[in-house]
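Tertiary structure, described
Residue strings, one per chain:
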Amino acid sequence: MIYLQILANGLALGGLYACIAVGFSLVWGVLNVINLLHGSMIVLGSYIALFAYTTFGIHPFLTVPIAGGIVFALTYALQRGIINRVIAAPVLMTLTLTFGLDLIFNNAMLTAFKADYRKLILENPLGSWSFSGVTLPVDRIAAMALAMLLTLMLFRLLKDSRIGRAIVAVRMDRDAAALMGVDVMKINAITFGIGGFMAGAAGCLLSIIFPISPLNSTVYLGKSFVVCVLGGLGSVPGAIVGGLALGIIESFGAFFLGPEHAVTLAFSLLIVFLIVRPTGLLGKKGYE
Amino acid sequence: MRDWLILGVGTLLFGLLALSGDTYLLRLGTMLAMYAVLAMSWNFIGGMTGYPSFATAAFFGLGAYTSAILQAAQMPMAVGWAAAGLVAGGFALLIGLPILRLKGHYFAIASLSIGEILREVVNTSEEITGGGMGMNLPLLRLPPEVQAQAFYLCMLGLAVLTTAVAILVHHGRLGFAFRCIEQNEDAATVLGVDTRTFKTAAFGLSAVFSGVAGAIYGNWVHYIEPLDVFDIMHSVKPLVMVLLGGLGTLFGPIFGAIVFLALEEAVWRNFLGVHAAVLGVLIVAMVLFLPRGLATSFEQIARRFRGKAA
């Protein structure tokens, strides 16, 4: 029975991980840029949720579109103004650039919000469900369900909308997409913005579960790396599979090896996957 | 020949600095020598060979802990330092074989993960490493000024050794192979360059001196902890220095280290609370406006002026 509980915890965690990583994965796949700002954008989303709740009493679930929108605008502007200038530069340049930008943002958040861990405590928690020995806090399940819903909405957006199909086209072949009349520069910025939206939204959902601090940004960034590599790059189903896999592996790893080895386990998996199966669980050949 | 002359004159000039008893100056000098070692080490793999490695912190920390653990077991300092280089180098060869098959972003992330894994392993092996409490290193029974001079000379010696190896590599077969891989790895393979061996050699070279630098650093500051020696900044700073100085050039990394240290010192003095952000602004400005390094940009500007005069 304990295993069922661990599995349930892992799945609940995994849904959130998928939402954390899907934007990062999309940006990496489409723009070929590793966005080291991603972790800080998630934390920014959490702070927006915290302030909306403490000053206006808005429930974090309702803040999702607001936080997502704010982070969308911010990341869209950053891409258009700065990152676009080096979009064709070697890996080293884009990595260094986003690292520098992250230093600026993280330091700004540290100055504005201080480094202490804060907690968003809901006044009316929804309690927990319990059936056949498995206990599930309802708030956590709701956050996970919302995370999955957002991720699926992104999936539909990519499949059904004009802009989504343009994004997929750029992901497949940038030059061919440009020849077909897709404005690649615009798609780059929109994709980056969507990555930001998902980060901000995920931050809102995480705010009711995890403590909030600028110091958490590297943790979220690390999770994004692992989920991307596990699931396969740049596709929504890949992020979902990778997120759920990481959630389950971490829960069981914490049970069998102890929670202090969670990071070692996750990163060791990452290296093994990179070497053995760089396309990820769901990836296609040549899509790594 | 000219390169050896530059190295000799540089060694002499920086060696004279040791005569000064000013501990602040000696501290800066030691930092500079350490940065030069890390930057030149990174240049072997990141600059010459073109693999964006983020593993410098891993080697630095591994060296620091190897030496600290040996010294805790009553081994002499010199043995600890030598072992640090060997362990870091050996580890790089071992881990390099699988991860150097990766390219671009994938290699960057894999190399970054190695430091994260090592840090967590050190953090959790409390019996050997003291975990998050860190480790104290034996104090030397010497007056502070003499200690400052001694550690400065040691770090400078390491920097000179690293530069000497860099000169040999740069003009030798090895450097030629590295540059072939950097330009076009597939073509190099087709022409008969054993890319796997040479890539691994470059990775190993980048680890040995970083490991010794970590060991000397440990004794210099008397105390190491996982968060300090495995800090990702130890991976990023050398890379920034090399970018500043000029990617894949011989003396560029040293030049970059001098400029970086001067900037860092100015920033620390004037903007303590927001030093990370100022550093971020510098990095962003460098990538946007000086993508090919200061030295190369100076050359371009000079050429433009000469062109106008003619």
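Up top is the structure these notes are about.
Here the structure is a predicted model, which means the values were calculated and not measured.

1. Observations regarding the pattern of salt bridges
Enumeration over the complete set of coordinates arrives at seven salt bridges over all chains. A salt bridge links A:Lys223 to A:Glu250; its shortest N-O distance comes to 2.8 Å. With A:Lys223 in helix H9 (residues 217-231) and A:Glu250 in helix H10 (residues 236-257), the pair connects residues that are 27 residues apart, well separated along the chain. Comparing A:Lys223 with A:Glu250, the two get one shared label, buried. Ionic contacts of the salt-bridge type, sharing partners, join the residues B:Glu116, B:Arg119 and B:Glu120 into one network.

2. Section: helix H10 (residues 195-221) of chain B
Over its 27 residues, H10(B) runs 39 Å from end to end, which matches the ideal 39 Å to within 8%, given 1.5 Å per residue. H10(B) sits mainly inside the fold: 22 of its 27 residues count as buried.

3. Overview of H10(A)
All names here are of chain A. Over its 22 residues, H10 runs 30 Å from end to end, which matches the ideal 32 Å to within 8%, given 1.5 Å per residue. The set of residues buried in H10 consists of Val236, Gly238, Ala239, Ile240, Gly242, Gly243, Ala245, Leu246, Gly247, Glu250, Ser251 and Gly253. Among the structural elements, helix H1 (2-31), helix H5 (138-160), H9 and helix H11 (262-276) are those in contact with the buried residues of H10. With a side-chain oxygen positioned 3.1 Å from the backbone nitrogen of Gly238, the residue opening H10 is Ser235. Positioned one or two residues after H10, Gly258 has a phi angle of 105°, which is positive.

About the thresholds
Residues numbered from 1 in each chain as written. Chains lettered and ligands numbered in written order. Predicted model: local features only at pLDDT ≥ 70, side-chain atom pairs only at ≥ 80, totals over all residues. Heavy atoms only, no water. Salt bridge = Lys/Arg side-chain N within 4 Å of Asp/Glu carboxyl O. Helix = DSSP H or I, 4+ residues; strand = E, 2+ residues; numbered from the N terminus. Buried < 20%, exposed > 50% of the residue type's maximum accessible area, 1.4 Å probe, protein only. Expected span 1.5 Å × (residues − 1). Contact = heavy atoms within 4.5 Å. Polar contact = N/O pair within 3.5 Å; in protein donor to acceptor, adjacent residues only side chain to side chain.

Spatial relationships are all this shows, so hold off on functional conclusions.
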